[in-house]
Every structure is written in C-alpha cells, then in structure tokens.
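Listed below are the residues making up each chain.
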Amino acid sequence: MSHTSPGGEARPAAAESTSPPRRWVWGVLAALVAASLITGWVLLSQRGDKGATAASSPTPATSTAPSPTSATPTPAAATTLALIADFGNCGPGAQRVADMIDTWDAAAVTTAGDNTYNDDPTCTPFTDSVGDFYGDWVEDPEGPRFWPALGNHDYEDKGAGLEKYRAYFTYLPTEADPQQRWYDVKVDGIHLFILDNDAPDADLAAQQVWLRERLTASRAQDPAAWNVVIFHKPAFTSASHPDEVEMRPDAGWDYRGWGADVVIAGHQHAYEDVVVDGMHYVTAGIATNGLERGGCDDELTDGSRLCLTGVEGAMRLDATATSLRMEYRQPSDAGEVVLDAIELTR
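Residues numbered from 1 in each chain as written. Predicted model: local features only at pLDDT ≥ 70, side-chain atom pairs only at ≥ 80, totals over all residues. Heavy atoms only, no water.

Trainee: Is there a simple way to explain the overall build of the protein chain in this structure?
Mentor: Of regular secondary structure, the protein chain possesses 7 helices and 15 strands. With 346 residues in all, the protein chain has 45% of them scored as buried. In the protein chain, of all internal contacts separated by at least 6 residues, the share reaching a separation of at least 24 is 67%. Taken as a whole, the protein chain presents about 18,100 Å² of accessible surface, with 53% of it coming from carbon and sulfur. (Helix = DSSP H or I, 4+ residues; strand = E, 2+ residues; numbered from the N terminus. Buried < 20%, exposed > 50% of the residue type's maximum accessible area, 1.4 Å probe, protein only. Contact = heavy atoms within 4.5 Å. Areas by Shrake-Rupley, 256 points an atom, 1.4 Å probe, with all protein chains shown as cover.)

Here it is in structure tokens:
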C-alpha cells in the first residue's frame, strides 16, 4: 500500500508497527494512576477510622498477675494476751487492772495463780474474786477466754480448794490431768502450758514427762507458735519467798531444750525478769492493791535485770510470727504506764 503526499508524488508505505497504539498506552497509564489514588485513599480512610476508634473507645487496661518472687507477704495478725497474778482479793486495784485489760482487745486472759485470797470475807473465792472482774472472759458466749493456773491460796484459803476451783472453771481441759490441774491451750499465735507446782512429787514427775512431750510436739508441728510455760512459784527470784528449786532446769525441767520460749510465774507480789542460760524467767507482778510484801532483796539474784514491788499491773503479750513482746503495764489516771518490756525475736 502507498500513500500520496501533497503534490501527487507517491512514497512508500511505512511498515506497520507492532507496538500498542499510543491511545491504548495512555489509557493503561491513566488506569494505573487512578488505581493508585483509590488505594491511597482507602488506606488513609482506614487509618482515620482506626484513629477515631482509639479516641472514642480507650483501650481497656490489662492486669498482669504479680510474680511470686515480687509479691509482698501479708504480715500475720498479732495475738494479744493478758497475764495476771496474785489478784483475787476483790480490791479496787483489781478493778483498775481489769479495766485496763478491757482496753487491750486481748484474745484471752491467763493467770499465774492465786486467783483468790481470804482477806475479805465478802469476797467469795472464784465466783467473786474472778467473776466480778473477769466473768465476761470466763462466760464468753463464743467460748471461755480465761485460762488460770493454780496457786497456793487457791488450795489453802477458806472457802477455796481444788473442788471449788474446778466447780467454777468447769471448762478446763482434762486430757493431761483428769483433775484439771495442768493443761495446755493454744490462743492464736501463743501456746500456753499451765503447770501446778504445788502438786505432789509423783504428779510433778508426771507433769515433767507431759511437758517435755507437749513442748517437743508443739515445736515440731507448729514452729511459728510462741510456747509460754506458766506456774505459780518462781524458779528464780530476788523477792521475799524462796526460789522454787524443784522447778529449775537442774531438777529436770529442760524448758529451753524442750522448746519453751519463756517461763512465767507469780507468788512474789513483785515483777522481775531473771535471765538464766538465755531463758527469761519472769515473775508477773501483782494485779491488785493491798497485798504488798517485803519487796526485792537489796542484792538481786544472779541474772536479774529488774525487780519491782508494790506496783499493781498486768503483763501484756503481743505475738507475731517473728516476735514476742512482753510489757508490764500499770494503770494510771492518765492511761497506762509501761514499766518494763522484754522482746524475743526469731
């Protein structure tokens, strides 16, 4: 085929091209550009939607369980216990001490003996000498919270005696002794071991075997408990009555070796702390007035830290898993006075 140029002169026809026509190429390019624009618009729209969602609906907070190694253990609750001795004369001092104890929110009250005296004929042993001041602890609707030890006046005074004692404290355990003269009881973090040092020799020997077994078991089964041994007449003392040597370690009472943390007694109407071979032997003072005695010797016994006489008060014991704090407190018009403090730690 030939084309005729202007002027009538013929020229050869150009060879037919194999490349796409220009209009088709431009169409493809336009389509690609449009597709790119549409894609970009969609992406921007999606981003905008996500931003709007984040602004209108905040991302919920997530909680992560704490690592066991980073958790702070919750401290064990403290156990508060009141301990009194030589109080049973129905005197005004007994009321002052009882009123002070009522403010402590204690788990229980325990005694180191002489829960009655015959000084006042109108003060009936136990029913008055204890009940008028601590009856709510004895007859608590949720169970008794008063744990006494026997003293010589509980045995000997007119109107008293073991029968009357048992008739009033009917709830005392009988597993160790059917006559309820010695027993143990757990009060939260404190384990009390109550003995009767006025028992006959054969019964003292039986108590020694029993105490060794019970203290050893307590230390093995409940190592966090504080083991407190209580009886009436102190093994070591600087006050007017002689030492109760039958209750000393060299008489076979290996308190420390068996697992006791402290030994507490009464009888002397004095407060004293005697430390022997690392063990505190505490005399618990006097929880009333009008029963003062001759006082502490001018020369204190070996190991005595402190000896106070003529000061009515009570011991307050506060126990946690790691400490046992024992304070001797005196009631006063302004509140209470802490006269001494002993702290045992683990």
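Trainee: What am I meant to see in the packing of aromatic side chains here?
Mentor: Any pair of aromatic rings gets described here by the distance separating the centres and the angle formed by the planes. Here the structure, examined in full by the defined rule, presents 16 aromatic pairs. Where Trp253 meets Tyr255, the ring centres are 6.0 Å apart and the plane angle is 15 degrees; that geometry is what we call stacked. Look at Trp253 and you get buried, because its relative accessible area is 1%. Classification of Tyr255 as buried rests on a relative accessible area of 1%. Ring-pair connections join several aromatic residues into one group, and the members of that group are Phe87, Phe126, Tyr134, Phe146, Trp147, Tyr165, Tyr168, Phe169, Tyr171 and Tyr183. A cation over a ring is seen here: Arg346 above Trp226, with NZ or CZ 3.6 Å from the ring centre. (Phe/Tyr/Trp six-rings, centres within 6.5 Å; stacked < 30°, edge-to-face > 60°. Lys NZ or Arg CZ within 6 Å of the ring centre and 35° of its normal.)

Trainee: In this structure, what is going on with the sheet that holds strand S13 (residues 314–319)? I would like to understand it.
Mentor: In sheet architecture, strand pairing relies on hydrogen bonds along the backbone and comes in two forms, parallel and antiparallel. On the basis of which strands lie adjacent, the open sheet formed by 6 strands has the order S5-S4-S3-S13-S14-S15 and mixed pairing. Two strands lie at the open edges of the sheet, namely strand S5 (146–147) and strand S15 (335–345), each paired on one side alone. As judged from the 5 bridges shared by strand S3 (residues 79–84) and S13, these two strands associate in the antiparallel manner. Opposite Ala82, over in S13, you have Arg316 as the bridge partner. (Pairing = 2+ DSSP bridges.)

Trainee: Quick question: what am I supposed to make of the environment of Thr301 here?
Mentor: Positionally, Thr301 belongs in the loop between strand S11 (279–284) and strand S12 (304–309). Residue class for Thr301 comes out partly exposed when judged on its relative accessible area of 23%. Along the primary structure Thr301 and Ala239 are separated by 62 residues, whereas in three dimensions their C-alpha atoms are 9.0 Å apart. For Thr301, the residues in contact, after removing those within four places along its chain, are Thr237, Ser238, Glu272 and Val274.

Trainee: Looking at this model, I keep getting lost on the pairing of strand S14 (residues 323–332). Mind explaining?
Mentor: Look at any regular strand and the pattern is simple: side chains alternate between the two faces of the sheet. Most of S14 sits out of view: 7 of its 10 residues are buried. Across 6 bridges, S13 lies against S14 in antiparallel orientation. Bridging across to S14, Asp318 finds its partner in Arg325. Where S13 folds back on S14, the antiparallel hairpin that results is connected by 3 residues. Relative to S15, S14 is paired through 10 bridges, and the arrangement is antiparallel.

Trainee: I keep staring at the pairing of S3 and nothing clicks. Help me out?
Mentor: With 6 of 6 residues buried, S3 lies mostly within the body of the structure. Because side chains alternate across S3, one face comprises the buried residues Thr79, Leu81 and Leu83, and the other comprises Thr80, Ala82 and Ile84, equally buried. In the sheet, S3 pairs with strand S4 (residues 108–111) via 4 bridges, with the strands oriented parallel. Bridging across to S4, Leu81 finds its partner in Ala108.

Trainee: How should I be thinking about the state of the cysteines in this particular structure?
Mentor: By definition, a disulfide links the sulfur atoms of two cysteines through a covalent bond. Here the structure, examined in full by the defined rule, presents 2 disulfides. Two residues, Cys90 and Cys123, share a disulfide whose sulfurs are 1.9 Å apart. Between Cys90 and Cys123, the S-S dihedral sits near 65 degrees, and the bridge is therefore right-handed. Of the two residues, Cys90 is situated in the loop between S3 and helix H2 (92–102) and Cys123 in the loop between S4 and helix H3 (131–138); the sequence distance between them amounts to 33 residues. What pairs with Cys296 in a disulfide is Cys307, and their sulfur atoms sit 1.8 Å apart. On the sign convention where negative means left-handed, the S-S torsion of about -80 degrees between Cys296 and Cys307 marks this disulfide as left-handed. Here Cys307 lies in strand S12 and Cys296 lies in the loop between S11 and S12, a separation of 11 residues in the sequence. Here the protein chain pairs its bonded cysteines, counted in sequence order, in the arrangement 1-2, 3-4. (Disulfide = S-S within 2.5 Å.)

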